[in-house]
Amino acid sequence: MNKQEIKERMDSLVEVLNQYGYSYYVLDNPTVPDSEYDQKLRELEDLEKEHPDLAREDSPTQRIGGEPLDAFRKVTHETPMMSLGNAFNEQDLRDFARRAQEGVSGEVTFVCELKIDGLAISLKYQEGKFVLGSTRGDGRIGEDITSNLRTIRSIPLSIKEAGTLEVRGEAFMPHKSFLEMNKEREEKGEEPFANPRNAAAGSLRQLDPKIAAKRNLDIFLYGVGEWENSNITSHSKSLEALHRLGFKTNKEWKRCKSIEEVLEFVTYWTEHRKDLNYEIDGIVVKVDSLDHQDELGFTAKSPRWAIAYKFPAEEVVTTLKDIVLS
Ligand SMILES: NC(=O)c1cnc(OC2CCCC2)nc1N
């Protein structure tokens, strides 16, 4: 093959491998056997070794970066990352819904989401390329953990969207990864992590991306920060747009027309949370219309248009025996 044909072969391998990766890690629905993925990955690795100048930054071989960092760079969030106010019982939720209805013109409706118990992160894309991944920090200043986030296979390294797009979500450690990691730590006489949230936070704070890569973290995206070309009018349409753009979203979200439907959703997941293969610590209730969100605005640190219902604290010491491998 001449140089042009080699470049075309490498481009086609990157595209098809990223498509396989999307099905496997984002849709949890593998389309080819691992052997086919591995064979194409090896062919791409060999071509990239022979022609390093043709290696693309969104190639799946580029997920585990180079040398460990000395420290994390600080990053300022153009759109601050807010924290959520809490609700602890039905009355708190009814008060939230009443205040929301009183603060808007027209009929308020809601979206309910599972509250993933992980680490809030922000992903920035420019001209379709993943360029920056950061922690929430204090909401305005976070840490640049791009090299660690690149190791999360469900985060696309490129998307088909021009301009600047910033998305927010929760990085977390699935139960299976948590169990396997703690088993390893105990075998090495190391202290096991107390819970998947600490394990995820500890993994993303590693300065060496090779360590983060071994922790099999995952992510659910649930919001949009800055989006140049957005014509989105509701939160539920944002979630649908995130899915369409190739991001992993949690499929259990639900539009709720009334507080009664919100309470039904909360009751259902209070009972069924243990069927999930990741930790949730509550339910997030959001006003759906973005116009209504604008009318309601924010307190000093939290939106008035969202609240986190926290599950009652139970004996949640997730030790090896408590979690059955799903
Ligand atoms: N842990 C979660 O799953 C989660 C956290 N936060 C939010 O939304 C907040 C973010 C800023 C205003 C509303 N949604 C979530 N699903």
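Just above sits the structure.
Residues numbered from 1 in each chain as written. Predicted model: local features only at pLDDT ≥ 70, side-chain atom pairs only at ≥ 80, totals over all residues. Heavy atoms only, no water.

Colleague: Just checking my understanding: could you explain the pattern of salt bridges for this structure?
Modeller: When charged atoms on two side chains of opposite charge get close, those side chains can pair. Evaluated as defined, the whole model comprises 26 salt bridges. With a closest N to O distance of 3.2 Å, Arg 56 and Asp 11 form a salt bridge. Of this pair, Arg 56 sits in the loop between helix H2 (34-50) and strand E1 (74-76) while Asp 11 sits in helix H1 (residues 3-26); the two residues are 45 residues apart in sequence, bridging distant segments of the chain. The class of Arg 56 is partly exposed, set by a relative accessible area of 21%. A salt bridge links Lys 183 to Glu 187, with the nearest nitrogen and oxygen atoms 3.7 Å apart. Of this pair, Lys 183 and Glu 187 both sit in helix H5 (residues 175-187), 4 residues apart, which is roughly one turn of the helix. (Salt bridge = Lys/Arg side-chain N within 4 Å of Asp/Glu carboxyl O. Helix = DSSP H or I, 4+ residues; strand = E, 2+ residues; numbered from the N terminus. Buried < 20%, exposed > 50% of the residue type's maximum accessible area, 1.4 Å probe, protein only.)

Colleague: Got a minute to help me understand unusual backbone geometry in this structure?
Modeller: A negative phi holds for most residues other than glycine; trans holds for most peptide bonds. At Glu 127, a residue that is not glycine, the phi angle is positive and equals roughly 50 degrees. With respect to the element layout, Glu 127 can be found in the loop between strand E4 (119-126) and strand E5 (129-135). The phi dihedral of Asn 216 falls on the positive side, at around 45 degrees, and the residue is not glycine.

Colleague: Honestly, the site of the ligand in this entry has me stumped. Any pointers?
Modeller: Close contacts around the ligand come from Met 82, Leu 84, Glu 113, Leu 114, Lys 115, Ile 116, Glu 170, Tyr 222, Val 284, Lys 286, Pro 303 and Trp 305, and that covers them all. In the environment of the ligand, an oxygen atom lies 3.3 Å from a nitrogen or oxygen atom belonging to the backbone of Leu 114. Ile 116 is positioned with one of its backbone polar atoms (N or O) 2.8 Å from an oxygen atom of the ligand. Protein chains bury 88% of the 390 Å² of accessible surface belonging to the ligand in isolation. When atom positions are compared with the pocket grids, the ligand is found to occupy the second largest pocket. For the shell around the ligand, the elements supplying multiple residues, two or more each, are strand E3 (110-116) and strand E10 (280-287). (Near = heavy atom within 4 Å. Polar contact = N/O pair within 3.5 Å; in protein donor to acceptor, adjacent residues only side chain to side chain. Areas by Shrake-Rupley, 256 points an atom, 1.4 Å probe, with all protein chains shown as cover. 1 Å grid on protein atoms, 1.4 Å probe; cavity = no way out; pocket = protein on both sides within 12 Å on 5 of 7 lines; lining within 4 Å. Sits in = over half its atoms within 2 Å of the grid points.)

Colleague: Can you walk me through the sheet that holds strand E7 (residues 164-172) in this structure?
Modeller: Strand pairing in a sheet relies on backbone hydrogen bonds. The paired strands run either parallel or antiparallel. Sheet architecture is open: 4 strands sit in the order E5-E4-E7-E8, paired in antiparallel fashion. Each having just a single partner strand, E5 and strand E8 (218-227) make up the two edges of the open sheet. Sheet twist, expressed as the average angle between the axes of neighbouring strands with direction ignored, equals 25 degrees. Of the pairings in the sheet, the one linking E4 to E7 comprises 8 bridges and is antiparallel in character. For Lys 124, the partnering residue across the bridge sits in E7 and is Glu 166. The sheet strands contacting helix H8 (residues 235-244) are E7 and E8, and the helix crosses E8 at an angle near 115 degrees. (Pairing = 2+ DSSP bridges. Axes fitted to C-alpha atoms, helices over the stretch in contact; angles between N-to-C directions. Contact = heavy atoms within 4.5 Å.)

Colleague: What is the right way to read the pairing of E7 from this model?
Modeller: Sheet faces and side chains relate simply in a regular strand, where the side chains alternate between the two faces. With 9 of 9 residues buried, E7 is to be regarded as a mostly interior element. Neither face of E7 is open: one carries Thr 164, Glu 166, Arg 168, Glu 170 and Phe 172, the other Leu 165, Val 167, Gly 169 and Ala 171, and all of them are buried. Bridge count for E7 against E8 is 7 bridges, and the pairing is antiparallel. The residue of E8 that forms the bridge with Gly 169 is Leu 221.

Colleague: Would you take a moment to explain the environment of Asp 208 for this structure?
Modeller: By the element assignment, Asp 208 lies in the loop between helix H6 (196-204) and helix H7 (209-214). Along the primary structure Asp 208 and Asp 70 are separated by 138 residues, whereas in three dimensions their C-alpha atoms are 9.0 Å apart. Polar contacts involving the side chain of Asp 208 include one to the main-chain amide nitrogen of Lys 210, which spans 2.9 Å.

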